[in-house]
Amino acid sequence: MKWNLKQPGLFQQTRILIAIFVLFQILFVTLLLWALMDSQKKYEQESHIREVVIGEHNIIITALRFAGDIAMYQVTKDQRFKPDPAKTLNTIEKQKNETASLASHELIRFSNLEPTIDDAVSVMRDVQNIDMDDKSARFLTFVRVGKMAQRLNTVMDDIHTTYTQADEANRQALRTANSLLFFVISIGFATNILVTGLLVSYFERKTMGKFGILANNIRTLGLNKPLSDKLQGQDEMASLDQVIHQVSRTLADSRRKEQSMINNAVDVICSCDEKGKFTQVNQAVKKMWGLNADELIGSSYTTIIHNEDHKITQDTFDISKSTQSERSFENRIRKGDGTICDALWSIHWSNEEKNFFCVVHDITERKNVEKMKQRIVAMVSHDLRSPLTALELTLNVLKSGSSGTLDEKGVNRLERAERSVTQLIWLINDLIDVDKVEQGLFVLNQKETSDTEIVRESMTLIQGLADQAEVTVDTATTGITFRADANRLIRVVTNLLSNAIRYSPRQSNVELTCSADDEGIRFSVTDHGQGIPGEKLPYLFEPYYQVDSEGEKDKRGSGLGLTICKAIVEAHGGKIDVISTMGEGSTFWFVIPKEK
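Residues numbered from 1 in each chain as written. Predicted model: local features only at pLDDT ≥ 70, side-chain atom pairs only at ≥ 80, totals over all residues. Heavy atoms only, no water.

Novice: Got a minute to help me understand the sheet that holds strand 3 (residues 327-334) in this structure?
Specialist: Hydrogen bonds along the backbone pair up the strands of a sheet, which may run parallel or antiparallel. Within the open sheet, the 5 strands sit side by side as 2-1-5-4-3. Their pairing is antiparallel. Looking along the sheet, the strands with just one partner apiece sit at the ends: strand 2 (278-281) and strand 3. With direction set aside, neighbouring strand axes in the sheet form an average angle of 30°. By the bridge criterion, 8 bridges tie strand 3 to strand 4 (residues 340-350) in an arrangement that is antiparallel. Along strand 4, the bridge assignment pairs Arg-327 with Ile-347. Along the sheet face, helix 8 (residues 310-323) touches strand 3, strand 4 and strand 5 (355-362) and points at about 150° away from the line of strand 3. (Pairing = 2+ DSSP bridges. Helix = DSSP H or I, 4+ residues; strand = E, 2+ residues; numbered from the N terminus. Axes fitted to C-alpha atoms, helices over the stretch in contact; angles between N-to-C directions. Contact = heavy atoms within 4.5 Å.)

Here's what the structure looks like:
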């Protein structure tokens, strides 16, 4: 990571502060360990001196005990006090070696202890060589031992004095060491608190203030209010604050655009509270309904809705709230000038906002068009289909020859007229059926039937067209029975077969096959024409949609056949679709579910 020493970032500042704190702790621990080690050294030195003094004291006590034994023996002649110079020498030699070993570490030597001990050893060796029964010898020995004891007492006093002085000096050094340790601990603790306080203060001054500004900007952003000034610097918090300001500007632009879209929308966009009172309305209400948006806010939607539509409006609002779903419905609006318009509402309840969000579209023109279309369909149904049916019967009578025999030219004209009338009657029937589908009046008459019966009746109706087009229709059925509206399924199969024959080359075959699977009864019609482009397949079942094929404009129909087929199949609860490959042909299929 790259370090910026001029303007360190937040993480860099944190690491620097931690490093300073850790270095101070290392220094403090080092001084504390040094003071502890010095104090421990003083304790060890005092203990060592004590051990040396005790060793030397033991040597003198052993020598004095030997001198005492000689004195007692001289006075009492009691064998119990008879000295054993050899044993005493061994003991003193051993004690002397041990003491010398202890004293060698600090090179401690007290007064003239060593020469005095050597003289005492010399006296003891002389005692080994004298005859204790010789009075003069014993007397001389007694005198020498007395002098030796006197010197040993003097040395012991010197040792005591020296030890006392050394002990006092060592105690003073130990007190000094303990004072130093206490000083290091006290100063270290106080300095630790001071350094920690300074570091925390520095961190708060450098960062907590920025954190406060940053937190305030975040809260202000949520409240959709202007933010405070940007943080200065190039650290992480300054960068984050810059992002927050950028988000604030972006949100502000988005809100302005959103509000502009709402205000300039063609449809009325509004919101209502739980009681149905308007809380917000865009400006489109003035153009659509001739009402002022400000006057609507706070009033109930019942004030502008036709009285007969109050219940459906209230029920839909209640359902949307209880199910948390989007609902659509139609009602009538009473405009500002008193006229009535038709409206399509799309509403959605928001639990967070406790509001209904609504989009209201004016469908008055669409309703007028639907009414006009219904009148046209009714006119076509009653005023055109009846004369055309009568004309078709007349043409059939003329074709039969009962009114006279026509020449070949007349027969051809009669057949063309008959086909034209038949196509017009089919077109009228298609228009009527599509209108029934759109109005939800499409009713099925289901009875027991079979695929064999449907295929047979369809072939009867389509065979003439197949012969004329020189196309062979191959069929395959299963004979399975099921409940369906046979007449309408025959119409579906006939429509699919007529399309397949119309777009098949001469001397080719069309296959009509039936099969049963888990989904139901499947009908498939396959031709070997030029096929349908893939981008046009999704639109084939839409009303009035036709595939423009080069050189085949004379084969185009009304564009309603596949729409009606889809309506019939879906009314049975089935599905219909197509598979096509350019240059190889197409397969239209549909499935009618079996009765459960």
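Further notes follow.
Novice: Just to check I follow, could you spell out the environment of Leu-406 for this structure?
Specialist: Residue placement: Leu-406 occurs in the loop between helix 9 (364-400) and helix 10 (408-439). Here Leu-406 is in contact with Val-411 and Leu-414, once residues within four sequence places are set aside.

Novice: Please explain a nonpolar patch on the surface as it appears in this structure.
Specialist: On the surface, a cluster of nonpolar side chains totalling about 450 Å² of accessible area is made up of Ile-18, Phe-21, Val-22, Leu-23 and Ile-26. Looking at the element boundaries, Phe-21 is found in helix 1 (residues 10-76). The partly exposed category is assigned to Phe-21, whose relative accessible area is 30%. (Patch = residues over 30% accessible without salt bridge, like charges linked within 9 Å, V, L, I, M, F, W, Y side chains within 5 Å. Areas by Shrake-Rupley, 256 points an atom, 1.4 Å probe, with all protein chains shown as cover. Salt bridge = Lys/Arg side-chain N within 4 Å of Asp/Glu carboxyl O. Buried < 20%, exposed > 50% of the residue type's maximum accessible area, 1.4 Å probe, protein only.)

Novice: Any chance you could explain the side chain of Asp-527 here in plain terms?
Specialist: Within the element layout of this structure, Asp-527 appears in the loop between strand 10 (521-526) and helix 13 (561-571). Residue classification places Asp-527 among the buried positions, given a relative accessible area of 7%. Within the structure, Asp-527 has its side chain in polar contact with the backbone nitrogen of Gly-529 (distance 3.0 Å). What Asp-527 contacts, discounting residues up to four positions off in sequence, is Ala-500, Ser-504, Val-510, Glu-584, Gly-585 and Ser-586. (Polar contact = N/O pair within 3.5 Å; in protein donor to acceptor, adjacent residues only side chain to side chain.)

Novice: Honestly, the nonpolar core in this entry has me stumped. Any pointers?
Specialist: The nonpolar side chains of soluble globular proteins are, as a tendency, buried together. In this structure, Phe-482, Leu-489, Leu-497, Phe-523, Leu-540, Phe-588 and Phe-590 are the most contacted members of the largest nonpolar core, which totals 39 residues. Among the elements of the structure, helix 11 (451-469), strand 8 (481-484), helix 12 (486-502), strand 9 (509-516), strand 10, helix 13, strand 11 (575-581) and strand 12 (585-592) are those that each provide at least two residues to this core. For this core, the leading source of residues is helix 12, giving 8 residues. Beyond its immediate stretch of four places on either side in the chain, Phe-588 contacts Leu-496, Phe-523, Ser-524, Val-525, Ile-532, Leu-540, Phe-541, Leu-562, Asp-577 and Val-578. Among the nonpolar cores identified, the runner-up in size contains 25 residues, and Cys-270, Leu-296, Ala-343 and Phe-356 belong to it. (Core = buried A, V, L, I, M, F, W, Y, C linked by side-chain atoms within 4.5 Å.)

Novice: Help me understand the packing of aromatic side chains, please; the structure alone is not making it clear to me.
Specialist: Any aromatic ring pair is given by two values, namely how distant the centres are and how the planes are angled relative to each other. Per the stated rule, a full pass over the model turns up 8 aromatic pairs. Aromatic pair Phe-317 and Trp-345: ring centres 6.2 Å apart, planes at 65°, arrangement edge-to-face. Taken together, the residues Phe-317 in helix 8 and Trp-345 in strand 4 connect sequence positions 28 residues apart. Grouping residues by exposure puts Phe-317 and Trp-345 together as buried. Here the aromatic rings of Phe-541 and Phe-588 are separated by 6.4 Å at their centres, their planes lie at 75°, and the arrangement is edge-to-face. Of this pair, Phe-541 sits in the loop between strand 10 and helix 13 while Phe-588 sits in strand 12, and the two are 47 residues apart along the sequence. We note that Phe-541, like Phe-588, is buried. What links up through ring pairs into an aromatic cluster is the set Tyr-301, Phe-317, Phe-329, Trp-345, Trp-349 and Phe-356. Cation over ring: Lys-321 sits above Trp-349, and NZ or CZ is 5.0 Å from the ring centre. For the cation-ring pair, Arg-522 lies above Trp-589, with the distance from its terminal atom to the ring centre recorded as 4.7 Å. (Phe/Tyr/Trp six-rings, centres within 6.5 Å; stacked < 30°, edge-to-face > 60°. Lys NZ or Arg CZ within 6 Å of the ring centre and 35° of its normal.)

Novice: Any chance you could explain the sheet that holds strand 11 here in plain terms?
Specialist: An order of 7-9-10-12-11 is seen for the 5 strands of this open sheet, with the pairing classed as mixed. If you trace the sheet from one side to the other, it starts and ends with strand 7 (472-476) and strand 11, each paired once. Each neighbouring strand pair of the sheet contributes to a mean axis angle of 15°, computed without reference to strand direction. Of the pairings in the sheet, the one linking strand 11 to strand 12 comprises 7 bridges and is antiparallel in character. Residue Lys-575 lies in a different strand from strand 12, and its bridge partner there is Val-591.

Shape is all these values report; function is a separate question.
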